[in-house]
Structure formats: structure tokens, C-alpha cells
Amino acid sequence: MSLETRSSPLPLLFRRRSSGEIKNLATVSSSLLPAFGTVIDERLHLKEYVIVPYDRRYRLWQALLVVLVVYSAWASPFELAFKAAAGGALMYVDLVVDVFFTIDIILTFFVAYLDTSSYLLVDDHKKIALRYITSLWFVMDVASTLPFQFIYRVFTGEMQNGQAFGFLNLLRLWRLRRVSELFKRLEKDTIFSYFWTRLSKLICVILFVVHSAGCFYYWLAAHHKVPENTWIGAQVHDFKHRSVWLGYTYSLYWSIVTLTTVGYGDLHAVNTGEKTFNMLYMLFNIGLTAYVIGNMTNLVVHSAVRTFAMRDAINEMLQYVSKNRLPESLREQMLAHMQLKFKTAELQQEEVLMDLPKAIRSSISQHLFRNTVGNAYLFKGATEDLIGQLVSEMKAEYFPPKVEIILKNEIPTDFYILVSGAVELLTYKNGIEQSLSKLGPGDLAGEIGVLFNIPQPFTVRTKRLSQVIRISHQNFKQIVQPYNEDGKIIISNFIQYLKNLKEDVREEIRFLTDYLSDLTMEQTVASNEEPQNRESLDSHEDGNVEGTPERPITKPIRVIIHGQHPKENNNSLGMLIQLPNSKEALFILAGMEKLKSSTTSKRFLHTDNFKEGLLTVPPGHRKMSFAEISESKSHL
């Protein structure tokens, strides 16, 4: 019969194979993780009747024991101070609690442990038992579990409430280590609030100290030779024969007043033993108070650390504005940007993303911005591979209202895609600011300067709170360069966008009108050449039928033409054109005056600018004069 179907007294705690039980990596203790460079076997195959230390059900059992530890921490000092309570109903409750801890001692012989040298769980029963028996933990666990008072009563038949049994019961405080381990686990568990977990721990420490100090102080008074010459005997006559809860109330009152350094003076030390205990208790309170105040300060400051940082940064910024006498409008922009930076810090979580691997950061960017980039006009029709790489290199930013994202005539380092919000394109004519256009979600800003590699032609200012994603000029070129077809699609989309621009926007880009005119003429020439190319192709086909040797079809040649020979003037830039296949088309190009005088077209079409911008001139192009071009085409 298999282990799964075999009956067992504790079937929920034992398991044969538990590797498949790990559903959450956060449940694995950091002590179970191997060091760097350590090779381990990822397969976890444990022997029969071995308990995994991070098993969920074993953790529940440990949580139950913590509840019983809380009772032991209260009962042990209380039974020492008040003998009447120790011999009553509390003794039977102690026996039940001791039974649970006895079961835990037995279970510990079946709990696997981590070998510090190999970082593997040891499931050998002999090694587990030997390790536990030879440790101090086994001795203290047994000593804190044995019911000495009950054993004495069984063997002697007498009920003994001597002081020795009271001090032996204090061994149960050894169990408090379980509470400390529980709080350590809860502090690392993201399910629970760190603030409330830490605060609960501080409250538990304070309550335990108050309870223990009060019980010890009462014990000193109860065992003094002259009861009236004690701190409580001076206030309550014959206090030994009064109610247990009356004495406990007085004890807690004195302990709290002393711990909080209030000291009303109504309950004070009378004999030498009480004065000695008070001195030791107050010295201990100094350290406890420092511990509590330090932790509370840390919790409060931690929750407001961003607020403090924001206020300090704003104060420094205001001092800078005042010293340099900056205008009020610029001061408001700086203040709005600083406030927005701290408001969006938790949303952006840059410090969190920087700690993540690049693959995870890329996946996050794909989830957040892939649709936005794919729907932008510049990248419509581009492959998913290109879009994915672009998204991975983009950074998200927030801008408050009325803040310039791009300044006119600045060097084009980045261009932006608007995710949310709105911006407007601005220009200045005769010192007057004019709004040319408005952009909304999905629109691009700054791409004209990047693609043409010219100073930014517009100032871009936000109209309201806007979120943008940006990519640098260099990253954009490096990503697009291997994708020739996607590059053509991007250029086609860009040219179509330029054609659809408003007239007043075109006027702000000096060479744009000439550039679009050249494109239109090239398209016209190409359309005129197409019928001739078809006739030539037909004639070639007829000639082949008659046996005429086939003429090779050469690829179009791109050249730079000049108004004079390039050697005569080295500063002549010329213009890049595609060499026509006919004399007529060549003469049309040669007769265009703008080819000789248009400096704006030359600036855009010059080889150096092509290398710096997105468009690149194919290698091997030649510089030719009109005469050389005519000679090269004379065979036509």
C-alpha cells in the first residue's frame, strides 16, 4: 500500500515528497537558499515520515504553539508571585499546555534541517535525532515542558507550593523564542503590514515587561519578614490575605508608573531589597525606553520619508530661485515640476524597476506602452519586432500643466509619444507667442527635429497633466538601422504626415516646402519614365525572340549633381538624385533652376546630413557634373 493511502496518526504533517507543494516562493525561508556558486539538486525527494520545515501545515502547528507561549509568558511570573493561583485551576491548564509542547518535541525528531555546508535538506532520521539531542534546545525544551509540581504530587501524594517550583516554572519563558521567530517571519511577509507588525511586537514587549516586573515586585513584598515594611503593606494592610487580583492590580499600577517615569510617589520602595530592585528596574527602563522610542521614530519617519525629502527639495529650489532672482513664471514651472515628481514617484517606481532584470522591465514596458507605440502614425505598418525593441528602450515621464517639454532651436536628443494629456506647438513671431497646433494621446512631438537632424522647429508645451514616453535619437537610429523595410515604412509615414501638415506649420520649417516640391517632381518624373520603361522592356522581349542578345538590366544609380565641376569648387554641395534612364528626363532635371540655387534642399540632401539623420545615402554614390551626366547617358 502506498504512503498516500496508508493510514497514519498524523497524515497531515508527514509527507514523502513535498517538492510540488511549494506554491509560493515567498514561503521559502531565506535560510534555505544556497550561496552563490553552490551546485544543488533541484529535485526534492525526502524519506518517509519527514516533515519539511517550511510546510504550510507545520507552520500552522507552530502558530498554535505561539498562542500557548503567550499563555505561558503570562502564567509563569503570575504563579511565582501568587501561590494561591498556582495550586488551583491554572495547574491543570498548565498540564494541557505542556502536553502540546511535548508533542512538538516528538515532532522535532522528524523535521528535516538545512545542512550549512551543502545547503541541502537532511532527511536522515539518525542525523536529525543526533543533531537535536546534542543541542541546547533539546535540554531547554524538556526542562521547560516537565510539570515538576505535578510530578512531585504524583510521587509523594502531597501538594507542594514551594518557591523552588515557582522558579522552575520560569523555565517556560524559554518558549518565548518562538514568538520572536514568528515576528521575524511576519516582518518579511508582504501580506502583512510591516508597520502594524512592528508596532504589535513593541506592544507585546512592553506588556510582558510590565507584567513580569509587577509580579516580581509583589513577590518581594510577599516574602518579606515584616509585611507592613513593604511597598504594598504600607498602603494595604494584611495584603497577603486579600484578593489575588487586588495585589495584581497594585503591582501593574506600580510597574506602569515606574516604566513611564511618572513616579507619583504613592507606591515607593521601603526596604533595602525593594530599593535594589527599583534601581535595577529603572536602569533596564532606560534601555527599553530607548528601544521603543527608536523603533517608533523609525516607523513614523519611514512612512513620511518622501514628504520630508519633497519639502527639503522644494526649500532648496525656492532658495535657488530667490538667490538668482528668477521670474515668477519660471518659479511656478519649477515648483509644479518638483511637486509632480514626488507625486508620481510611487507610480513610476524607478528604483524598483532598476533592480529588476532587463527582460522583466521589457515585459512591463510591452504591457504598458506597446499599443500606444503601435498606433502612432510613424510606426503604422512596422513589424512587431521593431515595435517591441523600440518600446523596450522607451522611458515614461510625467509633466505638469504649462511646462515646456521641448524648446525651439534646441538640439534634437529625444522625441516623445503622448500617452495621455495634451500639448501644443508654439512659435514666436515678432516676439509674440503663437499656437500652431494641438496634440493629443497617440501623437508625436519632436520627431521632425530628430528625423531631419535639425534644431527643433517648435516649442512644445503641456496644456494639462501629461504622460509621455520618450526615446533617444541614438537608440532610435541603432534600432531602426537593421530593419530596411521598416525604415522605408517609417519614412513613407513621415512624408505623408508632412504633406498633411497645416500651411502655417510648414512655414516654420524652412526647407520643408522645397523638399516636398522635390518629392512631387521626382514622383512626376518617375511616372513619366514608367511607360518608356515598359516600351523598352517590350522591345527587349521582342529582340530576345529574334535572337538579339539580352541587355542587362542595371539597378538605378543615385548621384549628386552640381552646377559646375566638383573639382573647381570643393565647397559645392550639390543635390542627390536618382539618375534617369532617358535623355529627356535627364534634361528636365538639368534644367531645373532650384537644383542650382536651392540651398535649403542642399542642406537636407547633403551626404553628411543623411549619415547623421535617419535617411542614409547608399554606399558608392558619385559626384558628377551636368556634362559628365550627359556623357554617361550619351548611349541612350
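The shown structure was predicted, so the numbers you read here are calculated from the model rather than taken from an experiment. (Residues numbered from 1 in each chain as written. Predicted model: local features only at pLDDT ≥ 70, side-chain atom pairs only at ≥ 80, totals over all residues. Heavy atoms only, no water.)

Before going further, it helps to spend a moment on the packing of aromatic side chains. Considering all chains together, one arrives at 27 aromatic pairs under this definition. Residues Y218 and F239 carry aromatic rings whose centres are separated by 5.9 Å and whose planes lie at 80 degrees to one another, so their mutual orientation is edge-to-face. Highlighted residues: Y218 in helix 9 (residues 194-222) and F239 in the loop between helix 9 and helix 10 (244-259), separated in sequence by 21 residues. Taken individually, Y218 and F239 each receive the classification buried, so the pair is uniform in this respect. An angle of 20 degrees between the planes, with centres 4.2 Å apart, marks the rings of Y377 and Y497 as stacked. Residue Y377 is found in the loop between helix 16 (358-375) and helix 17 (384-392), and its partner Y497 is found in helix 20 (residues 484-499); the two are separated by 120 residues along the sequence. Classification of Y377 by relative accessible area gives buried; the value is 18%. The structure contains a cluster of three or more aromatic residues connected by ring pairs, namely Y71, W74, F78, F82, Y218, F239, W245 and Y248. One residue, R131, lies across the ring of Y113, its end atom 4.3 Å from the ring centre. Directly above the aromatic system of W137 lies the positively charged group of R177, at a separation of 4.3 Å from the ring centroid. (Phe/Tyr/Trp six-rings, centres within 6.5 Å; stacked < 30°, edge-to-face > 60°. Helix = DSSP H or I, 4+ residues; strand = E, 2+ residues; numbered from the N terminus. Buried < 20%, exposed > 50% of the residue type's maximum accessible area, 1.4 Å probe, protein only. Lys NZ or Arg CZ within 6 Å of the ring centre and 35° of its normal.)

Let us now look at the pairing of strand 10 (residues 466-472). In terms of burial, strand 10 is largely enclosed, as five of its seven residues are buried. In this structure, strand 3 (residues 395-399) lies alongside strand 10, joined through five bridges in antiparallel fashion. Opposite K395, over in strand 10, you have R470 as the bridge partner. Note: strand 5 (residues 414-420) against strand 10, six bridges, orientation antiparallel. Within the sheet, the bridge partner assigned to D414 lies in strand 10 and is S472. (Pairing = 2+ DSSP bridges.)

Read these as spatial facts, not as claims about activity.
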